[in-house]
Each structure stands twice: as C-alpha cells, then as structure tokens.
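Summary of the model geometry
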Amino acid sequence: VFPIPSPNNFCYGAFCCFDPLTAKRIFIIFNVCVLLGTAYVLKKISPFHYTTCLNIILISGAALINNFLFGQFYLLLLFTITLGYFYLRKENEYPAGYLWGIGAAIKYFPIIFIPILLIKKKWRVLLNFIIIIISINLITIIFTGYDVSHQFFNQILFSHLNGELSNQSKYAIQFQSWNSFLRILFVSDPIENKMHLINSPTAFFISRILIYIVFIFITAYVIYRVRNDKNFLPYSSAILTLLILVISPASATYHLLLSAFPLILLLTISMEQKRNSYCIIFLSIYILIAYLPFIIYKVSFIKENLLFSFYRLWLLMIFFI
C-alpha cells in the first residue's frame, strides 16, 4: 500500500512502520485534516465563505474519492499550491518558495509557477523553490541510496513524461490524456489496441508535439496579454494550472483535485467583473468532470465509443479555452 520512499513518494515513509491497514487509516485522518486546512486557505484567497470553499472541494467527486481510496498525494499538493499562492499574494516570499519547492520535489505540478516568478522577477521565491527541490532530492538519496533515485529518474520519471506508466497499459483510457488518445488512434497493437485509425507512430509523434505547441502558445499569449493587469497573478496561475492538467502525460481522476484551485480563482475574478454566466460555465464543467465517471461507464454505447470515453480530456480542454 505504501511503497519504499523515493523522490516521488517519500512522504509515505513515515507510515512504513505500521501495517498497511493502520497506515491507510492514519493517512486518511491526515488527509481529512489537510482537506479542512485547504478549504480555509481557499477562503483566504477568495471572497467565499469557508463552507462554500469546503463544498467546492467536496463536489470534486471521483477526484476526492480516489485520492482517499488510493492514498494519493494530490490533496496535500493542492494545499501546498494554494498556501504558496496565498503567501506570494501577500508578498511573503520565503514560505511561497518553500511550499512550492516541497510540492515540486514530490510531484512536478508546481513547476508551472516558474514563468510567473520569472515575469514578476520574484528571484528570492525562485531561489528558495530550486533550493528546496534540490535539498529534498539530496536527502532522499542519502536515505534511500543512489540506486533507487537513479532508477526513479531513468526508468520511471521520463517514461511517465512519455505516457508510459509502469505496470499500466500505454493505451489505458482511464489515464485520459493526449498521449493515450493519440496512441490509440495512431499506434496499433494486436492485443491492447484494435481501435486504431491508422498505424503511424510518426503521426502520433507529430500530432502530439503540435497539440502541445498550440496549448503552450495560447498560454504564453494570454499571459503576455495580462502581464500588466491587476489580476495577473490569479489569471496566470489559473491558466497555467489548467495547462498542465490538459497536457499531462497521464491524467488520472485524482489529478483533477488540483482544478479546485483555478476554479476558485476564476470564480473570484468573474464575480468581481459581474460575469455570472462564466461562473455557471466553470462550475458546470467542474461538476461534469467530477460526476460523469459514475454515469458514463454504466452506459454501454458511451463506454465503447472512443470520443465519449475521453470525456474528461474534452471537458478540461473546454475549461482551458
């Protein structure tokens, strides 16, 4: 249940002295405390009541359920991201760098904030961010040995970035990403993939690169346009978070917990600008992502249709747009 420590999951090391069921129970209690704390931080960065912020996390549906079920880290990662954002907004730079550095050392998602730090010339935050990442990885190497870390970076991390997860199918629809969708379309496999459109690994590679370029270009353009806007920090933080969710090499349900962060930011901006229709759109997409899994796999014609099967990817793309 809780594997040996590594740069990607060393946070579980404290639970290894317990039997698996006890460790799981302790981690659930810990996650409940983090959940309550995250709602409080969301309240501090928005005009919403604590109960509203708590409900936004709770209605994440499958994301929250699977985070608890599988002992995942993403609720704690959401907490570190939002708390780091709170401190950066308050010009308290050291905690922001420390928190994002801790998050990025375990899961790479917080690296999305590097462009913001560069644009706003937050050099101390960036330096602390980098120092914490390096320090945690060095400590991990000391405690687990060089071989474990070397194996993680060479055989796990880079394979993951290419959409190849250990002991998981490269064609798994459950990991809804452009990697898996395009691989199903363009890379045949006599056992795992019989739904391919054409067998062309070159088309898979080129189309994937082009899609990434388009999304990154749109993000860069929007950030450039709002660089002098008073809402630059929430705008850029929201779109960068959505970007990494859209182009993630393997998007699982529990990753979508992180979408609560851009949702809060966008709802806040939309309410300030009195654009209630946007609030309805953002909330509708968020709820659809959360609860469609409970419906879609009970409807056979949807489950067997490739386009419908990647509903989460399309909804995230609409959210981003």
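Everything below is about the structure shown above.
Residues numbered from 1 in each chain as written. Predicted model: local features only at pLDDT ≥ 70, side-chain atom pairs only at ≥ 80, totals over all residues. Heavy atoms only, no water.

1. Focus: the pattern of salt bridges
It is possible for side chains of opposite charge to pair when their charged atoms get near one another. Taken as a whole, this structure holds 3 salt bridges when the rule is applied. Close ionic contact of Lys122 with Glu91 constitutes a salt bridge, the shortest N to O distance being 2.8 Å. Residue Lys122 is located in the loop between helix H6 (114-119) and helix H7 (123-144), and its partner Glu91 is located in the loop between helix H4 (74-89) and helix H5 (93-106); the two are separated by 31 residues in the primary sequence. For Lys122, a relative accessible area of 14% puts it in the buried group. In this structure, Glu93 and Lys122 form a salt bridge, with 3.5 Å as the shortest nitrogen-oxygen distance. With a gap of 29 residues between them, Glu93 in helix H5 and Lys122 in the loop between H6 and H7 connect regions that are remote in the sequence. Pair check on accessibility: Glu93 and Lys122 agree, each one buried. (Salt bridge = Lys/Arg side-chain N within 4 Å of Asp/Glu carboxyl O. Helix = DSSP H or I, 4+ residues; strand = E, 2+ residues; numbered from the N terminus. Buried < 20%, exposed > 50% of the residue type's maximum accessible area, 1.4 Å probe, protein only.)

2. Side note on a nonpolar patch on the surface
A surface patch of nonpolar side chains, about 660 Å² in accessible area, is lined by Ile65, Leu69, Phe70, Ile287, Tyr291, Phe294 and Ile295. Those elements that provide at least two residues to the nonpolar patch are helix H3 (62-69), helix H13 (276-291) and helix H14 (293-296). Tracing the backbone through its elements, the reader meets Ile287 in helix H13. With relative accessibility at 37%, the residue Ile287 sits in the partly exposed group. (Patch = residues over 30% accessible without salt bridge, like charges linked within 9 Å, V, L, I, M, F, W, Y side chains within 5 Å. Areas by Shrake-Rupley, 256 points an atom, 1.4 Å probe, with all protein chains shown as cover.)

3. Thoughts on the packing of aromatic side chains
Throughout the structure, instances matching the rule amount to 18 aromatic pairs. Ring geometry for Phe181 and Trp314: centres 5.0 Å apart, planes at 90°, overall edge-to-face. One end of the pair, Phe181, is in helix H9 (residues 178-186); the other, Trp314, is in helix H17 (residues 311-320), with 133 residues separating them in the sequence. You can call Phe181 buried: its relative accessible area is 9%. Ring pairs connect the aromatic residues Trp178, Phe181, Phe215, Phe310, Trp314 and Phe320, which therefore count as one cluster. Residue placement shows Arg227 over the ring face of Tyr224; its charged tip is 3.9 Å from the ring centre. (Phe/Tyr/Trp six-rings, centres within 6.5 Å; stacked < 30°, edge-to-face > 60°. Lys NZ or Arg CZ within 6 Å of the ring centre and 35° of its normal.)

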